[in-house]
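This is what each chain is made of:
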Amino acid sequence: MELLWEISIIVIKIVVVVSVVMFHVAYATYFERKVIGRMQMRMGPKEVGPLGILQPVADGIKSFFKEDIIPLNSDKPVFYLAPVISIMAAMSALAVIPFFDGFIISNINLGILFILAMSSLGAYGIVLAGWASNSKYAFLGGLRSAAQVISYEVSLGLSLVGVMLLAGSFNLNDIVEAQSSSVFGFYAIPQILGFFVFIVSAVAETNRPPFDLPEAESELVAGYFAEYSGFRFALFMAAEYIGMIIMSSLAVLCFLGGWTVPYYVLYLFPFLGAVPGVVWFILKLYACIFFYYWIRATLPRFRYDQLMALGWKLLIPLSLLNILITGIAKLII
Amino acid sequence: MLNQIIFGYFAVTMISLALIVITRKNIMHSIVYMLILFFHIAGLYLFLNAEFLAAIQIIVYAGAIMVLFLFVIMLLNLREELRKSRFAITWPIGAIFVVLSAVMIIISVFGNRFANVGNVKISDIEKVGHTVAVGKLLFVEYLFPFEVASLILLVAIVGAIVLAKKEIK
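Every value quoted in this text rests on a predicted model; they were computed, and no experiment measured them.

Chemist: Talk me through the side chain of Ser151(A); I want residue IDs and the actual numbers.
Modeler: Residue and element names in this part refer to chain A. In this fold, Ser151 is placed in helix H5 (residues 136–167). Within the local environment of Ser151, its side chain forms a polar contact with the side chain of Trp312, the two groups lying 3.2 Å apart. Setting aside chain neighbours within four positions, we find Ser151 in contact with Met308, Trp312 and Ile316.

Given below as C-alpha cells:
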C-alpha cells in the first residue's frame, strides 16, 4: 500500500512538471518572438487573440494538422526515432531538477551528472536526424552538431566542477542549501569564471544563437531538421526549448541560489521572506531565458572555426584554471 | 528471486543486443543498438549500487565516444559499404583469433582466477555514497596507477596531434 502511495505521488509530480513545462515551452516561443520583435523595433505576434496571446495555441494546432512529409530515400526507422530521442533526453533531465524546497521528482545523489548525461544524449537525436534525412543540408547540420556538442560538453562539465567542489555534492538540493549558507549567498560571485564558462557552453550545448551552427538558416536552410515537418518538427522545437529551460534551471540552481534569497537581502528587506521559493526560482529562470533571447537578438552567428577555437582554446583552459583556483581556495579556507 | 529475474533480463538483453550490433549491415543501426546496450550496462551498474559508474558510463561512452564514432562514420561513404559483401577475404584468420580468445576467456572464468576482493564493503559504500568511495580509493590508495593511466592518455593525445598536423610550425 505504501509503495502504491509513493508511486502515485511520483506520477502526480510528473504530470504537474510535464504540463507546467510544456505550457512554458509554448509560451517561451511567444515570449521569444515578442522580445526579439521589440529589440528589432517590430511588434512581434499580435493578430491571434489580444496582444497575440493565443499565438502558441495556433502554432500548435497548425503543426498537428500539417502533412507529415517523409523523404523517399530516408532511413525510415532512424528518421522516426530521432525526434523521439531528442524529446526523451530533454524531458528525462527534468526528473532531477528541484523546483523549490522539497519538490523534486527523483532526489538522486548524482543530479548534475544525470543532467549532463541526458544533455549529451540529446546530440544523438540531432546527429541521427541529420543522417537519416538523406539530405546535404541536414547532414552538414548533424556533423556540425556532433563536433560542437562534444567540444562544449567538456567545458560545460568542467565549469560545474567548481560548484561541486564548493558544495561537496552532486545533489542539486544539497548544492542550493550549501549556497544559501555560503558567504555571498550564491555561487555566481566566487565562481565567476565557472559561471562565465557555463553560460557560454550552455548556449552552445542547446544549439541556440549565436552558436546555432547546426541549424544556421542562412547556410543550411534549417540544418538537421530541414526535412522534418508537422509534428516531428514540433518535437524538435519542443526539445530545444526544454533544453533551454533545463540549462537555465541548472544555472539558477548551481550559480544563482535556486529558490533561496541571500541572507543579507532578507536582512535588509525582511518582508521578502514571505515570498514562496518557487516564485524566486521562476523569476531567476525567466531572467536566464530572457538572456538567451537577448543574445540571440544582439550577437551575430559565429564562424565554425571561431566556435571551435573558443571552445578548446579559451573555455576549457579557463574552466581548468577555475578548478585549480577553487581547489586551492578550498584547501586554504 | 527478483534479483535473479532482473539480472537475467539484463544478461539476456545485453548479449542479444551485442549480437545485433555486430550483425547489422548498416553501421548507423548498429550504433543505435549499441546505445541501448550502453544503457543496459549502466542499469546493471545501478543494481550494484555503483551509481557514479553508471553516470560515467552514459556520459563517457554514450555521450562522447559513441558521438565520435558517429562523427567518423558519417564521413565514410555508407552507401558503398552497404553494397559490399559482409565478410572480408581474411575472415578465417579473424575467426581463429576469436576462437582462441574465447578459449582464453573460458579457461580464465572456470579457473576462478579472479583478482583479490577489495576491502570496501557494500555497507561502507552505502554509508558515504558511491562517488566518495570511488574518489577516496582512486586518489588515496591507487593514486600512482591513476596518474600513470592519465599520463598514458596524455601520450596518446600528443601522438594524435603530431600525426594529424601535417607540418609543425
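Once you've had a look at it, read on.
Chemist: Which residues make up the confidence of the model for chain A, and what values do they have?
Modeler: Low pLDDT means the predicted atomic positions in that stretch should not be read closely. A residue-level look at chain A finds 99% of positions with pLDDT of 70 or above and a mean pLDDT of 84. The lowest-confidence element of chain A is helix H8 (residues 217–220) of chain A, averaging 71 in pLDDT; the highest-confidence one is helix H7 (residues 192–205) of chain A, averaging 88.

Chemist: Any details on the packing of helix H3 (residues 51–75) of chain B against helix H7 (residues 130–141) of chain B? Residues and values, ideally.
Modeler: Residue and element names in this part refer to chain B. Running from N to C, H3 and H7 cross one another at 85°; their axes reach a closest spacing of 7 Å. On the basis of their axis angle, the class for H3 and H7 is roughly perpendicular. Listed contacts from H7 to Glu51, Phe52 and Leu53 of H3 are His130, Thr131 and Val134. Of the residues that constitute the contact of H3 with H7, the class distribution is three nonpolar, two polar and one charged.

Chemist: Run through the nonpolar core, naming residues and quoting values.
Modeler: Note on soluble globular proteins: their nonpolar side chains tend to be buried together. Grouped together as the largest cluster of nonpolar side chains are 110 residues, with contacts concentrated most on Tyr124(A), Leu160(A), Phe198(A) and Phe255(A). By residue number, the principal contributor to this core is helix H9 (residues 230–255) of chain A, which donates 16 residues. Apart from the residues lying within four places of it in its own chain, the contact partners of Tyr124(A) are Ile85(A), Ala129(A), Ile31(B), Leu35(B), Tyr61(B), Ala62(B), Met66(B), Val67(B) and Leu70(B). Listed in part, the five residues of the second largest apolar core include Phe10(B), Leu17(B), Leu37(B) and Leu44(B).

Chemist: Just give me the short version of the layout of surface pockets, but keep the residues and values in it.
Modeler: Residue and element names in this part refer to chain A. Its boundaries defined by the atoms lining it, the second largest pocket holds a volume of some 1,200 Å³. Along the wall of the second largest pocket there are 41 residues; nearest its centre are Thr29, Asp59, Phe233, Met237 and Tyr241. Where the lining of the second largest pocket is concerned, the elements lending two or more residues are helix H1 (2–39), helix H2 (55–65) and H9. A per-class count over the lining of the second largest pocket returns 21 nonpolar, seven polar and 13 charged.

What counts, and where the lines are drawn
All residue numbers refer to positions counted from 1 along the written sequence of the respective chain. By the order in which they are written, chains take letters starting at A while ligands take numbers starting at 1. Local features in this predicted model are restricted to residues of pLDDT 70 or higher, and side-chain atom pairs are both shown and tallied only at a pLDDT of 80 or more, whereas totals for entire chains, interfaces and linings draw on every residue. The side-chain quantities take in all heavy atoms of the structure and omit both hydrogens and water. For the purposes of this entry, the term helix denotes a DSSP run of H or I that reaches at least four residues, the term strand denotes a run of E that reaches at least two, and both are numbered from the N terminus. Any pair of nitrogen or oxygen atoms within 3.5 Å is treated as a polar contact; in protein, a donor-acceptor pairing is required on top of that, and neighbouring residues in sequence qualify only through side-chain atoms on both sides. Contact definition: two residues touch when any of their heavy atoms are within 4.5 Å. Per-residue confidence from the predictor is reported as pLDDT, a score between 0 and 100. What counts as an axis is a line fitted to C-alpha atoms, over the stretch in contact for a helix, and the angles between N-to-C directions run from 0 to 180 degrees. Oblique is the label for any angle not under 35 degrees, not over 145, and not in the 65 to 115 range, which are roughly parallel, roughly antiparallel and roughly perpendicular in turn. Residue polarity follows a fixed list, in which Ala, Val, Leu, Ile, Met, Phe, Trp, Tyr, Cys and Pro are nonpolar, Asp, Glu, Lys and Arg are charged, and the others, Gly among them, are polar. Put simply, a nonpolar core is a bunch of buried Ala, Val, Leu, Ile, Met, Phe, Trp, Tyr and Cys residues held in one set by side-chain atoms that sit within 4.5 Å of each other. For every residue, the accessible area (1.4 Å probe, protein chains only) is compared with the maximum for its type, and the residue is labelled buried under 20%, exposed over 50%, or partly exposed between those bounds. Put simply, the grid is 1 Å and covers the protein atoms alone, a cavity is a trapped set of points that fit a 1.4 Å probe, a pocket is an open set with protein on both sides within 12 Å along at least five of seven lines, and lining residues have an atom within 4 Å of a point. Grid points are joined across faces, edges and corners, and a volume is the space filled by probe spheres set on the points.

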